[in-house]
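Spelled out, the chains give:
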Amino acid sequence: MSSNSGIQIPSRLPLLCTHDGVLLPGSTMRVSVDTARNMQLVKSRLLKGTSLKSTIIGVIPNTRDPEHDSDELPSLHSIGTAGLAVQVVGSNWPKPHYTLLITGLCRFRVSQLLRERPFPVAEVEQLDKLEQYTEGDPADGELGELSQRFYQAAVQLVGMLDMSVPVVAKLRRLLDSLPKETLPDVLAAMIRTSNKEKLQVLDAVDLEERFKKALPLLTRQIEGLKLLQKTRKLRPDDDKRVLSIRKGGVFPGRQFSLDEEVEDEDSDDTALLERKVKAAAMPEAALRVCLKELRRLKKMPQSMPEYALTRNYLEMMVELPWSKSTTDCLDIRAARVLLDNDHYAMEKLKKRVLEYLAVRQLKSTLKGPILCFVGPPGVGKTSVGRSIARTLGREFHRIALGGVCDQSDIRGHRRTYVGSMPGRIINGLKTVGVNNPVFLLDEVDKLGKSLQGDPAAALLEVKETTLQAP
């Protein structure tokens, strides 16, 4: 390579015919390789090559319909893109194939096909050369006017995006540093266009023609974003920021493209979750934690496993009854009648419940007591707990602890684990929908013990929490 001519590709290149899209200079694209010729090219050229020259291949768009493709070499498109194979990943499922990450370098024209087997090799002529843009003054004539208009439209498009997204801010800085003659290829690879439209940009060898082909595509994208902004202004509850950039190819090692509909739905879900968090009437400490997790969720891609864990945690926090409670019924005579109707005898038990109601009449700030029922199966311990809840006018929730041998069932799992869940107590609060139910911890004597800890010890924490609760 010579320093005064920029990129210089070999005069003979192996050709990779692909249906996956159109690779433009300056963009990065993933290509799936599963045909016999392309597989042989990867094995012989990319995997066995030891020099930088062996990683440069020619990417030719295959215009033949994939459904009617055959083993015969299709008629080659006259213009292609020389690309640098940055990454090669192989897999045997569901069938043997390779996935290539290719960065576009420059255009070339196929001068002569030298061979077809085992993979096509052609003599090529390089078309994009640096000196052809620097010989004259780019600010003169129609070309200078076109390049200036295109640059202004590109700045307008980036300005309509959310600059708080790091990749958008980086794209804005790159626009200022890139040569203007590279902008048509870069922007055409970024915005949402069809393969046919990208092929027209690829075929535009003349720089002035390339600007003319890419400028309407850029204008169409800007008009679409303007229409999206007007639609959001009509709905004040929606998030009014224009988001953002998803997958597609732009620069070597970076991938972008615009997909407003999916991002709009994600933004609406996050905004709805934020409104629920603020309306849940949480204590200040819990609200601070939820808002912190919500800020992390907005910056987190959905593909991360932690995204689902954080979202489930926030939804669980929103569903908890922070301020919902039932009003206690403290009528001692009515409670006595109800207990007598539900159970025969058990005078000591009924007396203890009525004593609690009498004390609550005198002191409303009394904390909830813990009653322990002991007896053989079938004598009515569970039904007594249900009667107490009816007497107080509270919700009732039974938690069977027989055979539980993991303390996480009581205390809850750490959120670092996939599939982590809250403990039985928190799940019970979410189920009944109030913060002052009557909990019945059934079969406490049948608790187990294992390597995961002693759940009986974890019940001490439940005791302390109960004594602090109303």
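Residues numbered from 1 in each chain as written. Predicted model: local features only at pLDDT ≥ 70, side-chain atom pairs only at ≥ 80, totals over all residues. Heavy atoms only, no water.

- The name that an unreviewed UniProt entry assigns to the chain is Lon protease homolog 2, peroxisomal isoform X2, with the source organism given as Danio rerio.

With respect to the nonpolar core
Right, so step 1: Counting residues in hydrophobic clusters, the biggest one holds 34 residues, and the most contacted among them are F150, L157, L187 and L218.
Right, so step 2: Listed by contribution, the elements that provide at least two residues to this core are α3 (141–159), α4 (166–177), α5 (183–190), α6 (195–203) and α7 (207–233).
Right, so step 3: With 8 residues, the single largest contributor to this core is α7.
Right, so step 4: Leave out the neighbours within four places in its chain, and L218 touches F150, A153, A154, L157, L187 and I191.
Right, so step 5: Counting 17 residues, the second largest nonpolar core, distinct from the first, contains L16, L23, I57 and L100. (Core = buried A, V, L, I, M, F, W, Y, C linked by side-chain atoms within 4.5 Å. Buried < 20%, exposed > 50% of the residue type's maximum accessible area, 1.4 Å probe, protein only. Helix = DSSP H or I, 4+ residues; strand = E, 2+ residues; numbered from the N terminus. Contact = heavy atoms within 4.5 Å.)

Here we look at the pattern of salt bridges
Right, so step 1: For the structure shown, the criterion picks out 24 salt bridges.
Right, so step 2: Across the pair R288 and E284 runs a salt bridge, and its minimum N-O distance is 3.3 Å. Remark: E284 and R288 occur in helix α9 (residues 284–298); sequence separation between them is 4 residues, near one turn of the helix.
Right, so step 3: The exposure class of R288 is exposed, given its relative accessible area of 52%.
Right, so step 4: Note on E284: relative accessible area 59%, which makes it exposed.
Right, so step 5: Note that E347 is salt-bridged to R336, the shortest N-O span being 3.0 Å. You can see E347 sitting in helix α12 (residues 347–362) and its partner R336 sitting in helix α11 (residues 332–342), a full 11 residues away along the chain.
Right, so step 6: Here E347 falls in the partly exposed class, since its relative accessible area comes to 43%. (Salt bridge = Lys/Arg side-chain N within 4 Å of Asp/Glu carboxyl O.)

Focus: the environment of R64
Right, so step 1: One can find R64 in the loop between β3 (56–61) and β4 (79–91).
Right, so step 2: Residues R64 and P74 lie 10 residues apart in sequence; the distance between their C-alpha atoms is 7.1 Å.

Some points on unusual backbone geometry
Right, so step 1: In this model, W93 is joined to P94 through a cis peptide bond whose omega is -5 degrees.
Right, so step 2: As for its placement among the helices and strands, P94 is situated in the loop between β4 and β5 (97–115).
Right, so step 3: Here the phi dihedral of A281 falls at roughly 55 degrees; this positive angle occurs in a residue that is not glycine.
Right, so step 4: The topology assignment puts A281 in the loop between α8 (260–279) and α9.
Right, so step 5: Positive phi is not limited to glycine here, since M346 has a value of about 55 degrees.

A word on the packing of α11 against α12
Right, so step 1: Viewed as axis vectors pointing N to C, α11 and α12 meet at an angle of 160 degrees, and their least axial separation amounts to 10 Å. If you check the angle between α11 and α12, you find them roughly antiparallel. By crossing handedness, the relation of α11 to α12 is classed as right-handed. Along its contact with α11, which presents I332, A335, R336, L339 and D340, the element α12 presents E347, K350, V353, L354, L357, A358 and Q361.
Right, so step 2: Of the residues contributing to the contact of α11 with α12, the split by class is 7 nonpolar, 1 polar and 4 charged. (Axes fitted to C-alpha atoms, helices over the stretch in contact; angles between N-to-C directions. Parallel < 35°, antiparallel > 145°, perpendicular 65-115°, else oblique. Left-handed = near helix turned anticlockwise from the far one by under 90°. Nonpolar A, V, L, I, M, F, W, Y, C, P; charged D, E, K, R; others polar.)

Re the environment of L76
Right, so step 1: Mapped onto the fold, L76 is located in the loop between β3 and β4.
Right, so step 2: Taking the C-alpha atoms as reference points, L76 and V110, separated by 34 residues in sequence, lie 8.3 Å from one another.
Right, so step 3: Setting aside its immediate chain neighbours within four residues, L76 contacts L15, C17, I60 and L113.

What about the packing of aromatic side chains?
Right, so step 1: For the structure shown, the criterion picks out 1 aromatic pair.
Right, so step 2: Their ring planes at 70 degrees and their centres at 5.5 Å tell us that F150 and F211 sit as a pair that is edge-to-face. Placement of the pair is F150 in helix α3 and F211 in helix α7, with a sequence separation of 61 residues. F211 shares its class with F150; the two are buried.
Right, so step 3: Taking NZ or CZ as reference, R115 lies 4.9 Å from the ring centre of F119, over its face.
Right, so step 4: Here the basic side chain of K180 rests over the ring of Y151, its NZ or CZ set 4.7 Å away from the ring centre. (Phe/Tyr/Trp six-rings, centres within 6.5 Å; stacked < 30°, edge-to-face > 60°. Lys NZ or Arg CZ within 6 Å of the ring centre and 35° of its normal.)

Overview of the packing of α3 against α4
Right, so step 1: In the contact formed by α3 and α4, the axes pass within 10 Å of each other and the chain directions differ by 165 degrees. With respect to α4, the element α3 is oriented roughly antiparallel. The way α3 lies across α4 gives a crossing that is left-handed. Residues Y151, A154, V155 and V158 of α3 lie in contact with α4, whose contacting residues are V168, L171, R172, L175 and D176.

Considering helix α1 (residues 36–46)
Right, so step 1: Those residues of α1 not exposed but buried are R37, N38, M39, L41, V42 and L46.
Right, so step 2: For α1, the secondary structure elements touched by its buried residues are β1 (12–18), β2 (28–33), β3, β4 and β5.

Observations regarding the pairing of β4
Right, so step 1: Note: β3 against β4, 4 bridges, orientation antiparallel. Of the residues in β4, the one forming a bridge with I56 is L84.
Right, so step 2: Pairing of β4 with β5 involves 12 bridges; the strand directions are antiparallel. Residue pairing across strands places G83 opposite G104, the latter belonging to β5. (Pairing = 2+ DSSP bridges.)

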